[in-house]
Amino acid sequence: MRKYIEIAKIYIKAQLIWRADVVLNMVFTVTKILFAYLLWGAIFGSKAEVAGFTFHSMLSYYIISAFLNQLDMSSLISNEISTRIRNGTFSKYMILPVSIEKYFVAMESGVVTFYLAFDFIAAIVWIFLFQIKFVFTTNLATIACAILIILLGLLFMAQLNYYLGLLTLKYQEIGTFLMIKNNIVAFVTGSIVPLVLLPGAFVSIMKLFPFYYVTYLPSMLLIGRFQNERIIGLIVIFAWCVILQIVIQVTWGKYRRKYDGVGI
Amino acid sequence: MELVSQLFFELTVEDTLRLFKEIYGIPEEEYQNTKNYFVNLFDVKDLMNVQVRTLSLGERMKMELIVALLHNPQIIFLDEPTIGLDAVASKQIRSFLKAINEEKGTTIVLTSHYMEDIKALCKRTIVINHGCKIYDGDTEELFEKYQKNKKITLTFETATELPQLEFSELDVGIVILEETPYKKVMMIPKERTSEILRNLMEFSPSDISVEEEEIGTVVERIYMEGGQTFA
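Because the structure is predicted, anything quoted here is derived from the model rather than measured. (Residues numbered from 1 in each chain as written. Chains lettered and ligands numbered in written order. Predicted model: local features only at pLDDT ≥ 70, side-chain atom pairs only at ≥ 80, totals over all residues. Heavy atoms only, no water.)

A.B. asks: A description of the overall build of chain B should follow, citing residues and the corresponding values.
C.D. replies: Counting its regular elements, chain B contains 9 helices and 8 strands. What you see for chain B is a C-alpha radius of gyration of 24 Å, clearly larger than the 17 Å of a compact globule of 231 residues, by over 25%. Judged by the C-alpha coordinates and their principal axes, chain B covers about 75 × 45 × 25 Å. Expressed as a percentage of the 231 residues in chain B, the buried residues total 45%. Put simply, chain B has 25 plus and 41 minus side-chain charges, and the middle of one group is 3 Å from the middle of the other. (Helix = DSSP H or I, 4+ residues; strand = E, 2+ residues; numbered from the N terminus. Rg over C-alpha atoms; globule rule 2.2 N^0.38 Å. Buried < 20%, exposed > 50% of the residue type's maximum accessible area, 1.4 Å probe, protein only. Lys, Arg positive; Asp, Glu negative; His and termini not counted. Charge placed at Lys NZ, Arg CZ, Asp CG, Glu CD.)

A.B. asks: Just give me the short version of unusual backbone geometry, but keep the residues and values in it.
C.D. replies: All names here are of chain B. Although it is not a glycine, E80 sits at a positive phi angle of roughly 50°. The exposure class of E80 is buried, given its relative accessible area of 11%. Positive phi, close to 45°, is recorded for S204, a residue that is not glycine. Relative accessible area serves as the criterion here: at 57%, S204 is assigned to the exposed category.

A.B. asks: Before we move on, can you summarise helix α8 (residues 193-201) of chain B with the specific residues and values?
C.D. replies: When we look at burial in α8(B), the residues that qualify are T193(B), I196(B), L197(B) and L200(B). Angular distribution of buried residues about the axis of α8(B) spans 100°; they occupy a single face of the element. (Arc of directions from axis to C-beta.)

A.B. asks: Explain the interface of chain A and chain B residue by residue, including any values.
C.D. replies: Across the boundary between the two partners, chain A contributes 20 residues, which contact 19 residues of chain B. Carbon and sulfur atoms supply 64% of the area that chain A and chain B bury against each other, a total of about 1,800 Å² over both sides. A per-residue breakdown of the area chain A buries against chain B is headed by I10(A), K92(A) and I95(A), which together make up 29% of the total. Where chain A meets chain B, there are 2 salt bridges. The shortest N-O distance in the salt bridge between D15(B) and K13(A) comes to 2.6 Å. Every element with two or more residues in the side of chain A that touches chain B is listed here: α1 (2-15) and α5 (91-94) of chain A. (Contact = heavy atoms within 4.5 Å. Buried area = accessible area lost by both parts, 1.4 Å probe. Salt bridge = Lys/Arg side-chain N within 4 Å of Asp/Glu carboxyl O.)

And the structure:
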């Protein structure tokens, strides 16, 4: 375990070099909130509620959702693996006495830990700037469940990107897979519009898939809604992590021999 | 251990070494001893806390070697360890590898197109051609067998002609590479060096040099003939 903590620590340290990225990352959270402020300000108009949301609970949802989205930096994993496999330097990881998957999870944990503080500060600043009456649950069990779902969601995204990266062993171009993943994630995680505003049948189907639980459910839980889904949410996202882990093991076992790292 | 860059370019070498200490589970005391041994051997004390991206290629290669050797591996695989390095850095890397092999007993499997690396470092050489082993044995023997010629350069203070007729008794296997009134360069069969030199001295050259055949030519010969000899 110590080796993975050290991997996370070194990536935290490496982020310090790229301070401009941190500032940009913080600033980018505002675009989503500003968009939500203008859009929902117009939609709410004189209405007090839309689909069970007040104007301020809707903005609270967007702030939490934007915060969680910014934390998911798992695309770093697929990009790194894909590039390394293609140019033959993936052996950098293969020769180390570590689990490659855990190495990447530790790497993402380091990066996320670093950005966590800054994204949190950004969220607080936007709450004050937009004078939002921030809605946040006070139920400790719900908060605990939401945190666990968030952690499992981040783990799932790391696993998914690890898996997509490994597909470079089989396919020359994984850009299409990544594009499909990004589009699904952007829409199905509810970061564009809350899923509750979509048709019920669509949402019911989405509940079977993991993306519903990555940002949408924890965001809703944290603003005090969908409390009855917290346990089932935990079970479903955990099950998806297990399923994806099995898929990863099978894929790695099957394709690792295809790796070619000669002539570097 | 294959030499793929393990250094974090944004950080210092010390940071990467700390990471590798944990990855390989090296106890603190052993870590300090090994690190200090290599830092002194490579003379890189001043570079340990410098950002890796600011190091030169030669310096970086030394650091990569330290990272690769930190856990005292019994065997290391090096692929072109001196590629792209200047003559001084190449020589340093070769002497470090030799020291590591002798002092730590580390086996080094080295692939290189630079024959200087091979001659300086390898007692045993394996030559592979199209995936087939065409030689496996003593490096000196290999060069002894395939280094068939020597290059002789003669310079004269006055214009001199080497009499063709007299010389012809000896000229079997002699190839004239360059000929001017004041300078003659020729390639001669290695086993006839003393005999030919004795005769050439009769023409009173002002200077004479005898060089080993170029290594590239030797390698070419190994590949041309070796397949038939050793297959």
